[in-house]
Amino acid sequence: MDKIIGFLITKDKVLPKVDIFNIGLKTIVIKHGSYYVFLWGLGNINKYKIDGIYSLSFPLNAGLLDRNLLIGFKNDKIVIENDWLGSIPVFYNKKHKIISTLSNFCIKEKHIHQEGLANYCEFGYSVFEQTIFTDVMFMRYYSKLIITNDNVSIVYKSDPLTDYSFSYKKSQEKDVISLMQKYVSSIEDITHGQIILPTSGGYDSRLLNYLVKDKNRIRSFTYGISKNQSLSSEVVYAKEISEIYNTVWQQIELKDYNKYIDNWFQVYGISTHLHGMYHIEFYKNILKKYQFNNASFLSGIFGDIWSGNVNYKNITNYQDVINLGYTHDLNLDLKYLKNISEDRAKKSFYKKNKKYIKHDKFKSVFTIRIKLMLISYLCQLPEYFGFPVWTPFLNFNIVMSTLNISDVRRKDRIWQSDFFREKKLNLEEMNLKSVRKNNIAFEVAKKTNFEPIDINIMGKYIFEKRLLQINKILNGNQNIFKKITDYLIQIPKIGGFLIKLGFENDYLKAINEYYVVKSIEKGIKYGN
């Protein structure tokens, strides 16, 4: 399989390491004016272009209403265009004229952007085109970056979302399924080899298992998220789907994923907190057990958002914009920051988009656009392990059709529940014995020897008292009462009661804040 997965544009002749997991990524370099354009990916990437324009799509196409990024050359200019969601993050340093899909490559002078730092801590990842460093920014969705010898400029294109009428068009559920089926079948027909399909048993991966026509090509893998991973509902449900369709399926045990923190930072740098190490362990273990030939990767990314799984809060002022971020507490409370920012970017975002984000359908799209800085790893990381990724859930027409299903039927995904019942895939009604508890982060962290936060560096920006508390908690120095309550709060009924009484899981809170703070620290230390 051929696929470009990343690039670096710089005036420096040297390409830093990009084959993070040593799977044999290919690289090419194109000299254009005073710039070196480095591309890396899978197979014959030199031919992965249309009319001279390189594309990061899969399969190869030039459209920007699906996951894609285009790199073209016009006279003395290099032009980069991203898709309608910003599915592939692109970072740039205007001062040093560096542009890349890897944020670390754009780091030169490390002047902290106080507002960018505050937003990063609040959301847990870079937002509003800012990062924690003043000189490093990222492209907004559906925009164009124009690079000349002495300038890097951004152009915002007309948003296709605002040209689309939600008021008059309604979708029939069967037509939405048909649209998804055509999409999956069209790519299935022109690819060969296995289709890797991570299967949690949830609605999105369940639907994808249904949509693939040739079940013999499916290779599905699952990890559990409960203490006994084999009893996790993800594993139990995925196994049942595999038995229904007679597909090749394997549970992958997670044991020690925090040891991949440095690998994660190599790929994601200052773009987001330390997050997807469990996927690194997941893919590494898959490759240890299986050999693949021309395999591609079918992702269920964001299918839940479009189909009606999220109930949105009202956004009535700029401070409510955090509700679009869906942080799941993987952030740092702003009360711990020493410097207060003015929220210019957040206010600007609210002012520009407030007429749209009054409506839940628009909220869905803006949530994805914001959170893709983090969740893009679901598509990007498999590619760094050698698997080109495709998905129906980032396609404009499929998204719009799904959002235009009746609000009553979309709410709580009633339309999909009925569909699965009709197709005998209503696993929730099969009395399958499983554990729905999610405590994998707690269990793995307890076995991890975390590198302490560097107080000398991070104490300049975050109150030392909280940093010392995080280090103390993660080193196992809690008092016995807190250790007991942190354990009990993991037990569903007991935990719910304790939360109502005002108890928090101090250990999990410390882990989440550590992942945010440590990523910032690593960014500040990068290249030292």
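Refer to the preceding data block for the structure.
About the cut-offs
Residues numbered from 1 in each chain as written. Predicted model: local features only at pLDDT ≥ 70, side-chain atom pairs only at ≥ 80, totals over all residues. Heavy atoms only, no water. Helix = DSSP H or I, 4+ residues; strand = E, 2+ residues; numbered from the N terminus. Contact = heavy atoms within 4.5 Å. Areas by Shrake-Rupley, 256 points an atom, 1.4 Å probe, with all protein chains shown as cover. Lys, Arg positive; Asp, Glu negative; His and termini not counted. Charge placed at Lys NZ, Arg CZ, Asp CG, Glu CD. Pairing = 2+ DSSP bridges. Buried < 20%, exposed > 50% of the residue type's maximum accessible area, 1.4 Å probe, protein only. Arc of directions from axis to C-beta. Axes fitted to C-alpha atoms, helices over the stretch in contact; angles between N-to-C directions. Salt bridge = Lys/Arg side-chain N within 4 Å of Asp/Glu carboxyl O. 1 Å grid on protein atoms, 1.4 Å probe; cavity = no way out; pocket = protein on both sides within 12 Å on 5 of 7 lines; lining within 4 Å. Points joined across faces, edges and corners; volume = space filled by probe spheres on them. Nonpolar A, V, L, I, M, F, W, Y, C, P; charged D, E, K, R; others polar. Parallel < 35°, antiparallel > 145°, perpendicular 65-115°, else oblique. Phe/Tyr/Trp six-rings, centres within 6.5 Å; stacked < 30°, edge-to-face > 60°.

A few points about the overall build of the protein chain
Helix and strand content of the protein chain: 19 helices and 17 strands. Once the C-alpha set of the protein chain is aligned to its principal axes, its extents read approximately 65 × 55 × 50 Å. Counted over contacts in the protein chain with a minimum sequence separation of 6, partners at least 24 positions apart contribute 72%. Just so you have it, the protein chain exposes about 22,500 Å², and 50% of that area is on carbon and sulfur atoms. Taking the average location of the 74 positive side-chain charges in the protein chain and that of its 52 negative ones, the two points are 1 Å from each other.

Digging into the environment of Ile241
Note on placement: Ile241 falls in helix H4 (residues 233-245). Put simply, Ile241 and Leu427 are 186 residues apart on the chain and 8.4 Å apart in space, counted from C-alpha to C-alpha. If sequence neighbours within four positions are ignored, Ile241 has contacts with Thr199, Gly201, Arg206, Asn209 and Leu427.

What about the side chain of Ser242?
With respect to the helices and strands, the residue Ser242 is situated in helix H4. Setting aside residues up to four positions removed in sequence, Ser242 forms contacts with Thr247, Val248 and Trp249.

Points about the sheet that holds strand E12 (residues 151-156)
On the basis of which strands lie adjacent, the open sheet formed by six strands has the order E4-E5-E6-E7-E11-E12 and antiparallel pairing. Looking at which strands have only one partner, the edges of the open sheet turn out to be strand E4 (49-50) and E12. Across two bridges, strand E5 (residues 53-55) lies against strand E6 (residues 69-74) in antiparallel orientation. For Tyr54, the partnering residue across the bridge sits in E6 and is Ile71.

Brief notes about helix H8 (residues 344-353)
Among the residues of H8, those classed as buried are Ala345, Lys346, Phe349, Tyr350 and Asn353. The buried residues of H8 occupy an angular sector of 135° when projected down its axis, which confines them to one face. For H8, the exposed residues lying more than 90 degrees away from the buried face are Arg344, Lys351 and Lys352. Looking at the buried positions of H8, the neighbouring elements they touch are helix H1 (114-123) and helix H9 (360-375).

Some words on the sheet that holds strand E3 (residues 35-42)
As summarised here, the arrangement of the six strands in space is E2-E3-E1-E9-E8-E10, forming an open sheet in which the pairing is antiparallel. Unpaired on one side and paired on the other, strand E2 (26-32) and strand E10 (136-138) mark the two borders of the sheet. When the angles between neighbouring strand axes are averaged without regard to direction, this sheet yields 20°. Here seven bridges tie strand E1 (residues 3-10) to E3, and the two strands are oriented antiparallel to one another. Directly across from Ile9, in E3, lies its bridge partner Val37.

Describing the pattern of salt bridges
Once the charged atoms of two side chains with opposite charge are near each other, the side chains can pair. If you walk through the whole model with that rule in mind, you get 27 salt bridges. Here Asp418 makes a salt bridge to Arg421, at a shortest N to O gap of 2.7 Å. Here Asp418 and its partner Arg421 are both found in helix H13 (residues 414-422), three residues apart, which amounts to about one turn of the helix. The exposure class assigned to Asp418 is partly exposed, which follows from its relative accessible area of 29%. We classify Arg421 as partly exposed; its relative accessible area is 36%. Three or more residues are tied together by salt bridges with common partners; here these are Glu173, Arg409, Asp418, Arg421 and Glu429.

What to know about empty space enclosed by the protein
Scanning the model with the defined rule gives two cavities of 30 Å³ or more in all. Taken as a whole, the largest cavity spans an internal volume of roughly 50 Å³. Along the walls of the largest cavity sit Pro89, Phe91, Thr101, Leu102, Ser103, Val267, Tyr268, Ser271, Met373, Ser376 and Gln380, which together make up its complete lining. When the residues that make up the lining of the largest cavity are grouped by side-chain class, the tally is six nonpolar, five polar and no charged. Computed from the structure, the second largest cavity encloses a volume of approximately 30 Å³. Put simply, the parts of the chain that give the lining of the second largest cavity at least two residues each are helix H7 (303-307) and helix H11 (396-403). Of the residues belonging to the lining of the second largest cavity, the class tally is five nonpolar, three polar and no charged.

Regarding the packing of helix H5 (residues 261-268) against helix H10 (residues 377-384)
At a minimum axis distance of 12 Å, the contact between H5 and H10 shows a crossing angle of 105°. One finds that H5 runs roughly perpendicular with respect to H10. Where H5 abuts H10, its residues Trp264, Val267 and Tyr268 lie against Tyr377, Gln380, Leu381 and Tyr384. In terms of residue class, the contact of H5 with H10 is made up of six nonpolar, one polar and no charged.

Some thoughts on the packing of aromatic side chains
Applying the stated criterion across every chain yields a total of 32 aromatic pairs. With a centroid separation of 4.9 Å and 85° between ring planes, the pair formed by Trp84 and Phe396 is classed as edge-to-face. One end of the pair, Trp84, is in the loop between strand E7 (77-82) and strand E8 (91-93); the other, Phe396, is in helix H11, and 312 residues separate them in sequence. You can call Phe396 buried: its relative accessible area is 6%. Centre to centre, the rings of Phe450 and Tyr514 are 5.0 Å apart; their planes meet at 65°, and the pair counts as edge-to-face. Placement of Phe450 in the loop between helix H14 (440-446) and helix H15 (455-458) and of Tyr514 in helix H19 (residues 506-525) is noted, with a sequence separation of 64 residues between them.

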